[in-house]
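Residue-level structural notes
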Amino acid sequence: NDSTRDVLAVVKTTCVHAALPGGVKFPDSAGAFHYEESGKLLSVTSNRFIHWSTSGDTVQLVEQSLDTNLLNNAVKLKFSHCTVLPGGVNIQETLNNVIILVCTNQSIHRLVLPHPSRMYRSELVTELHMQSIFTDVMKLSVQDSSHSAVIPSSVVQTGSPITSTAWLSQSGEAHYALASPAGGIMVVTLPPHDTQGSVSVLELKRSSMMWRLSGWMPTAIRGEQSPADLVLSVAVRELEEDSFIFALCQDHKLRMWSFREQACLLEADMLEYMPACKGVKRLSGQGHRLRLAFSSTTGLCLCVYLAVPQRGQFAVLQLVATDNNRYSLDHISSLFTTQETLVDFALTSTDIWGVWVDDSNTTVVKYINFEHNTAGQWNQVFVQPPPEEEVHIGVDQDPRIYRRGSERITDVSWETLKKEVTVAVESELQSSVTEFEFSQEEYRQLQVEFWSKFYACCLQYQEALSMPLGLTVSQHTNMVCLLKKGFVSFLLPCFAVDHLYLSYDEYLFSEEETPLTEDPEVGRDILQLVQCLRLVSDAVSGEMAYEMEKALEHLQSPERAAELVLENIDNVIEDIQNKLQDIRNPMAAMMVLLRELDLETDSEVGGDGPITPGQSLNMRISLSQLYGSSSAVSVVCQAVCHMTMTRALFCRDLLILQKLYLRFGDNVNTHARMHARTHTHTHTHTHTQDANLQHLTVLELSDTPALSTNRSVLSPQTVVELFYQTAARRIIISHIYSQQQSNSLLHWSHMISNVVNLLAQLLWPSNPGFQFPECLMANCQYTQLQEYVRLIGPWCQVNIGSCRFMLGQCYLANGEGQKALQCFQEAATEVEKEEFLMRLTGSEEEEPASTPRLQYYNKVLRLLEDVGLPELVIQLASLAITEAVSDVNSQAALWTRIFKHHLDLGHNSEAYEALTQNPDCSMQLDCLRQLVVVLCERSQLQDLVQFPYVNLHDEVVSIIESRARGLDLLAHNYYELLYAFHINRHNYRKAGTVMFEFGMRLGREVRTRLGLQKQVNCYLAALNCLRLIRPEYAWIVQPASGAVYERPGASPKRNSDGEFSSEPVKRQVDILELRDLEKEYILSRSRLTLAQHHPPSAAIAGSASAVEMVSLLVQTGLFDSALSVCQTFRLNLTPVFEGLTFKCVKLQFGGEETQNEAWSWLAANQLSSVVNTKESRSDFIHLNFIDIKESRHLSFI
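Predicted model, so just to flag it, every value in this text is computed and none were measured. (Residues numbered from 1 in each chain as written. Predicted model: local features only at pLDDT ≥ 70, side-chain atom pairs only at ≥ 80, totals over all residues. Heavy atoms only, no water.)

**Comments concerning the overall build of the protein chain**
The cut-off we apply is this: Strands are runs of DSSP state E lasting at least two residues, helices are runs of H or I lasting at least four, and both sets are numbered from the N terminus onward. In this scheme, a residue with accessible area under 20% of its type's maximum is buried, one over 50% is exposed, and one in between is partly exposed, where area comes from a 1.4 Å probe on protein chains only. Shrake-Rupley sampling with a 1.4 Å probe provides the accessible areas, and residues are treated as covered by the protein chains on show and by no other component.
Within the protein chain, the secondary structure is distributed over 37 helices and 33 strands. Burial statistics for the protein chain: of 1197 residues in total, 51% are counted as buried. Counting only carbon and sulfur atoms, one obtains 50% of the accessible surface of the protein chain, whose full area is about 57100 Å².

This is the structure:
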């Protein structure tokens, strides 16, 4: 089924005559028009047609395509105060236009629309959507006098026309044939739409006389008047530049009028073709119908339906031309029908298709070949059954079970609709409750009651929309559609085994030539067996079927479920047993049936190659769109759903029947083997039914990469639709056209059978292809994918590893990492056996590993890293290492991965252990460098220092040294780290060397008070280190003045400016002993003292020599420090005393301000033995200070 819910344009027209009171009301009707090139692949109108329905004063037209989605494809025409006549809508196409002709009981209308082949600028139409011919229908003026006319009042005064037809002549004139209530036919003609002209009216009646009256007065061929020639059904066919009007009249006679000659050329009594017609002549025959069909081989055929109570009949006749413009009818066949009420029928060159409604208002569709059917047996068409009147709700189920139908409603979203329905039903429930308190069980019972009422309302609505109105058969593609009030149902060919299972018993008796086998005895056994299956099916109640379905869904034993069902059908077991006794070879019959059910193929369907390689661009584009519209998607997937459900029931009944055989004790061993085979089929079909199709699971695609918008272009509603749209259709079409000519016609039965069968094969889990689970994974349908793997897990022996991988993906999406890891590990054993896993491992971008399994592990490791599960990465990498015993490169990469994730997790000891296991020296060094940097950044220096670094000691020192020398001194503490590293290993000389180097760099690069303070501490630490060593070893190596430190990555050939060095850099080293370090310490301490008392001096003190420092200290008044430097470096004291004497002289002659200033530098020197009282004068203290200094340092002078 397919329905349209596009926004409909409403065009209103008003007639001049008011509707007659008590006028005739015509039943609703429907019809269709198929484009001439609808069967050609390269045409823009391929698989494209227009269907319409009428109801009272309204005509609704919908243009539909199975290849592309048509925009603005529906229009509703409303004719005020008028009623559309039966047969009142006719559509024809010309080279440039599609012309719609409409007849009402008071007016005629013509709509001229552009032909699809003239609407698009390019012949290559590649869009998923195309504009319909109805896009600009609102711009048309339906009331324009050139496109409409009012039927003359002289005609409608006698009553409303009761039927009509219309056609377009070769010259472009629009003719409307109206059945006059007084008998005869009135033809109203509009001039061609692109020329000026007036409307003409012609009246045809039985007579040999005729004359013309121009203008609005009808031209009449007058004669005897009788209501017997009241036309009940009318049809027109243009032949040899003339239009022949065929009228089936109330007197059971068929009359053929020549429009050109305005004469009746043929009159035939239809009762001549009806045996035992006694008494029929007196009946009025109000239900008579007439249809035409033309083909190049048979010419023009007519089919007359004679509506006689209790014995309706079809008569098929052929029009034969004789000499002198005379015609006759040849009788081809008479076919009788059953008692149902005929709604509509269609005639083709070989068949009659009919749709009836029986006493229970059920739609019945049948067809018959009128040439080669001597038995007169009609063929069944299995109409999709209506939904069950009652839905069984299990105790573990919520009564609010939503199942999305086939309609695509675009007014509101599915979620919004569910919410509104829930609120409405719950509000109704709440308003009916009178008690304030009730138990949970009582509330559930109320829920079931009110939701059942809502479900019943939905069924009534669907039943009204499912009322059949018409039938259409395309003469170009042989596509048959059942036109209903709210839907269009597409009829598809039925597969042989489904046909047998669904056929009624009276049809089974006639299946002598069973299409499943050529052996007549086996054919009879198959018919008997199928009849037994039908008995079993009828005996299985809805509740038992539900329990068996639930058992299979929970992966319980189907044998046990079948036995439980068997225990409840004792009342029919005797009948079944009697029929089973007539089956000679049940084994052979079952094998034939199961072989027909089997969807397994030896090779994979289709392929990943391009569609029809070597074809033209036009052909490739047409194939890329074939059966790609939302209508085709819905039709194909519902067909697979229907087939799957039918075969699931078939397998269920066959399994029950086999259990019955085992109970009888006949052929136990044979049937046990058959039973196991049926077990497989039952499981699979139930899976497909439950997981994907029967419940029509609604897809929530907000998390799908390719369909991220709220209302996607294709809007798939089930996972099967999603699969067909995104992957399967391309594979199927490629497969079909690799085996047939691309210019062959699009024969509906052949094409749709292939598409449905191939889609079923692609869905079948036991086939080699794995595209369906791939599609679910690619579109993030993890819930459905997990259920799919669960249901096929116990029995499917194909793609086991691929299914485990998919299940792992589902667990990852649900946050169950450990379960995912377990699945990934289980899948690893199948990597070299399954095509999907081989493709997965073959897409490695990195250097491929030595074995496919290692490639697979690398793929999964990257997946786990992307998800962010480092613990699982470590576990899987550790497992993979055992597989990479002989592959050093893979081992190194895996150990590097383990190291990285341990380090990220803060597992420092495990990271170090992984580092030491790495067999690749360069990777090991990279890991070591990363370990040092990361632990330093985290300030986890204790771990870094205490690691043993077996065989890596020099590398660690080199890394830390290069980091220390290459980074900012104050921002990083790599020198302190290296110092601690050497101290921890009691290597005091190296520790002292590190701190001395640190101090030297601080003096050059950090000329601040903080830098000087750090330098003093560094030299002090270096002194402490050397004092811990025996004196003969208390020395360090220092680069000479002007030497540079080796930096990581420095070029040995170029200098710091990038120029080539003229000669190699010569390096000279000096040995520094303890006393040398003490000198540096004293000098550094004096610099710090100077910076503390005179901060601006810090910038120049850092690089000042001992002599320069003495001058700076004297200037600042730090005479103690100056004397200490002089003593340490054995410098002359004269500058110190000269400076001191100058200060004294300045003090003697200075004022109060000078006196106060003197106290600041005096305080910086040792005055404890001079300053005794607060009243001491500064000049007196100064003189005493000089005496003390001179006496203290006299010997030195």
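**Things to note about the confidence of the model for the protein chain**
What counts is decided by this rule: Per residue, pLDDT measures the predictor's confidence, with a range of 0 to 100. In this analysis, two residues are considered to be in contact whenever any of their non-hydrogen atoms come within 4.5 Å of each other.
Averaged over the protein chain, the pLDDT score is 80; the fraction of residues at 70 or greater is 80%. Note on residues 18–22: pLDDT under 50 across the span, and four contacts to partners over four residues away in sequence or across chains. This model gives residues 666–713 a pLDDT under 50, and the stretch forms 129 contacts once residues within four places in sequence are excluded.

**Observations regarding the sheet that holds strand β11 (residues 148–150)**
Here is the rule we go by: Note: two strands are recorded as paired if DSSP finds a minimum of 2 bridges between them. Lines fitted to C-alpha atoms define the axes, with helix axes restricted to the stretch in contact, and inter-axis angles between N-to-C directions lie between 0 and 180 degrees.
Here four strands make up an open sheet; going across it, the order is β7-β8-β9-β11 and the pairing antiparallel. Bordering the open sheet on either side are β7 (84–93) and β11, each of which pairs with just one other strand. Taking the axes of each pair of neighbouring strands and ignoring which way they run, one obtains an average angle of 10° across the sheet. Of the strand pairs in this sheet, strand β8 (residues 97–104) and strand β9 (residues 107–114) are connected by seven bridges, and their pairing is antiparallel. What sits directly across from Cys103, in β9, is Ile108.

**Things to note about the packing of helix α30 (residues 1009–1027) against helix α31 (residues 1074–1093)**
Basically, it comes down to this: Each angle receives one of four descriptions, namely roughly parallel if under 35 degrees, roughly antiparallel if over 145, roughly perpendicular if within 65 to 115, and oblique otherwise. Note on convention: the crossing is left-handed when the near helix lies turned anticlockwise from the far helix by less than a right angle, right-handed when the turn is clockwise. Residues are grouped as follows: Ala, Val, Leu, Ile, Met, Phe, Trp, Tyr, Cys and Pro are nonpolar; Asp, Glu, Lys and Arg are charged; every other residue, Gly included, is polar.
It is the contact of α30 with α31, at a shortest axis distance of 9 Å, that shows an interaxial angle of 155°. With respect to each other, α30 and α31 are oriented roughly antiparallel. Every pair of crossing elements has a handedness; the one defined by α30 and α31 is left-handed. Seen from α30, the contacting residues are Arg1009, Leu1012, Gln1013, Gln1015, Val1016, Tyr1019, Leu1020, Ala1022, Leu1023, Leu1026 and Arg1027; seen from α31, they are Leu1074, Leu1077, Glu1078, Glu1080, Tyr1081, Ser1084, Arg1085, Arg1087, Leu1088, Ala1091 and Gln1092. When the residues that make up the contact of α30 with α31 are grouped by side-chain class, the tally is twelve nonpolar, four polar and six charged.

**A few points about the packing of helix α12 (residues 630–664) against helix α14 (residues 719–737)**
If you want to describe how two helices pack, look at the angle between their axes and the distance between the axes. Axis separation between α12 and α14 bottoms out at 10 Å; the angle between their running directions is 125°. Relative to α14, the element α12 lies oblique. The handedness of the crossing between α12 and α14 is right-handed. Each of Val633, Ser634, Val636 and Cys637 in α12 lies in contact with α14, whose residues at this interface are Val720, Glu721, Tyr724 and Gln725. For the contact of α12 with α14, the per-class residue count stands at five nonpolar, two polar and one charged.

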